[in-house]
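Here's the letter readout for the chains.
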Amino acid sequence: MSQSHNRGLIEDFGRWREFRAGMWAWIFHKFTGWVLVGYLFTHIAVLSTAIPASGQETAVLQAGDDVYTQTIVTLEELLLVRILEVGLLAVAVFHILNGTRLLFIDLGVGLESQDKSFYASLILTGLITVASVPTFLAGAF
Amino acid sequence: MSTQVPQQTDETDAETEPDAAEEPSKGDLRREKKAERAAEREREAEAAENAAAGGNTRELKVFRFDPEIEGKQEPRFDEFHVPFEKGMTVLDALIYARDTYDSSLTFRHSCRQAVCGSDAMFVNGQQRLACKTQLSELSEPVRVEPLPHADVRKDLVVDMEHFYDQMDAVEPFFDADELPEDELAEQRQSRQNREKVKMSTRCIWCGACMSSCNIAAGDNQYLGPAALNKAYRFAMDDREGEARKQERLEIIEQEHGVWRCQTQFSCTEVCPKDIPLTEHIQELKREAVKNNLKFW
Ligand code: HEM
Ligand code: SF4
Ligand code: FES
């Protein structure tokens, strides 16, 4: 059933209104999953600066002038990075909560309330994200 | 057929009708009823006209496309203003539009009571059975399109061939390992087992679920929710026996079988017969795992 008449680009984009809870959960889960994979690589890139740093002299390390410390400090000084961190937490929390929801669905538990568990995941994600803001933005201004 | 002319029996009215002097005859009664019905129809037609005049109409935007006629090959939407009546379904409105405004408007329908499964359409952005969808529940204009992810033949008619192929692929017929000695003996099912498969037997092959599934849209070989539900109906039937169940599980757990489902629940949302499709697919997944994982 892969053929379809062409409904035009605008119409295809307008289609989001037609999605229900289960479909939104699916889309968000794919999206957050791939954001996490993307983050994994940047995370590895940043942490990898510790390798050249480990070769630097003790005095440099103690002064915090090594590549690793400098990279982290520079990044954490940027407001954008702080905001992205909040976003990353939101993405991770949603993926974990909805992932747990999906595991329950695989076990055949609570299929009738799959929409409610999706909304619960969303609300919990929102709460946890809001609660994390003070921690992530501390000292950013 | 024989060409013989059936013998004409001279039928004299065995039951002589009661004296028609006081009581009206059966024929009279019938005629009276008929007249009543005709009057009723007239009243209805009048009501429809009044409704139209009074502005109580519903606007339909219907997808039109005809590959065979030049000038209609470019898909377009036609607007129809249909007089609204209480209890009117989308199918009623389409029939009215076809019979009143444009006889070339093409769509499938037959039973008009959600039994035959011919009229699954994409109405206001959701796969629905036109004869089971009340106009009063829809916001205007009511947009009627053919099922997405299917090849459109003409107007609202889509090619169902692929859907039927997938249904056939799961061998959708009862096929027990052992037949009773006596060919005509009943093959009884326990009440519990009947309850288990009850919902899955309700499928009317409308194709709404398949159209709503975007895994099926991306993977033409995916059996799809309706076929997997069919497979469930027979795999869970205790009367078929172990050997047949193994064969069924092989079909179910093939590469483009049950594992393609990513629990979007869109099929379950649109199924006009309220079959818990996702639930059945998930149960088949667990059945397949149990079948393959043996720790003893
Ligand atoms: C506790 C943590 C996690 C849980 C409970 C979890 C759970 C799940 C589940 C159940 C699925 C399957 C979704 C489906 O059936 O459609 C999934 C998909 C996915 N996960 Fe996670 N996950 C977690 C952490 C992560 C992390 C850290 C990453 C990235 C590095 C990740 C990346 C992905 C991706 C990319 C997919 C989509 C795969 C696909 O396209 O089907 N997940 N996750
Ligand atoms: S399972 Fe439901 S939606 Fe799918 S074909 Fe059967 S009746 Fe239609
Ligand atoms: S006309 Fe038969 S199901 Fe709608």
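Predicted model, so just to flag it, every value in this text is computed and none were measured.

As for the sheet that holds strand β5 (residues 142-145) of chain B
Residues and elements named next belong to chain B. With mixed pairing, the five strands of this open sheet are ordered in space as β2-β1-β5-β3-β4. Two strands lie at the open edges of the sheet, namely β2 (76-83) and β4 (126-129), each paired on one side alone. Neighbour-to-neighbour, the strand axes of the sheet open up by a mean angle of 35°, direction not taken into account. Judged from the four bridges that link them, strand β3 (residues 120-123) and β4 form a sheet pairing that is antiparallel. Among the inter-strand pairings, Phe-122 is bridged to a residue of β4, identified as Gln-127. Sheet strands touched by helix α2 (residues 90-100): β1 (57-64), β2, β3 and β5. Its angle to β2, the strand with the most contacts, is close to 100°.

A look at the coordination of the iron atom of ligand 1
Geometry reference: four tetrahedral donors at a metal, ideal angle 109.5 degrees. Six octahedral donors, ideal angles 90 or 180 degrees. Of all protein atoms, His-95 of chain A (NE2) alone acts as a donor to the iron atom of ligand 1, lying 2.0 Å away. Considering the arrangement of structural elements, one finds His-95 of chain A in helix α6 (residues 79-106).

Structural notes on the domain arrangement of chain B
Interface extent is often summarised as the accessible area lost during association of the parts. All names here are of chain B. Taken domain by domain, chain B comprises domain 1 (41-158) and domain 2 (161-175 + 191-292). The distance between the C-alpha centroids of domain 1 and domain 2 comes to 31 Å. Opposite the twelve residues of domain 1 that make contact, domain 2 presents 13 residues. Of the roughly 930 Å² buried where domain 1 meets domain 2, counting both sides, 57% is carbon and sulfur surface. Linking domain 1 with domain 2 are zero salt bridges. Between the two partners, domain 1 and domain 2, sit four residue pairs in polar contact (both at pLDDT 80 or more). Residue contributions to the side of domain 1 that touches domain 2 peak at three residues, all from β4.

Here is what the cut-offs are and how they apply
- Residues numbered from 1 in each chain as written.
- Chains lettered and ligands numbered in written order.
- Predicted model: local features only at pLDDT ≥ 70, side-chain atom pairs only at ≥ 80, totals over all residues.
- Heavy atoms only, no water.
- Pairing = 2+ DSSP bridges.
- Helix = DSSP H or I, 4+ residues; strand = E, 2+ residues; numbered from the N terminus.
- Axes fitted to C-alpha atoms, helices over the stretch in contact; angles between N-to-C directions.
- Contact = heavy atoms within 4.5 Å.
- Donors = N, O, S within 2.8 Å, 3.2 Å for Na, K, Ca; no water.
- Domains from an automatic or database assignment.
- Buried area = accessible area lost by both parts, 1.4 Å probe.
- Salt bridge = Lys/Arg side-chain N within 4 Å of Asp/Glu carboxyl O.
- Polar contact = N/O pair within 3.5 Å; in protein donor to acceptor, adjacent residues only side chain to side chain.

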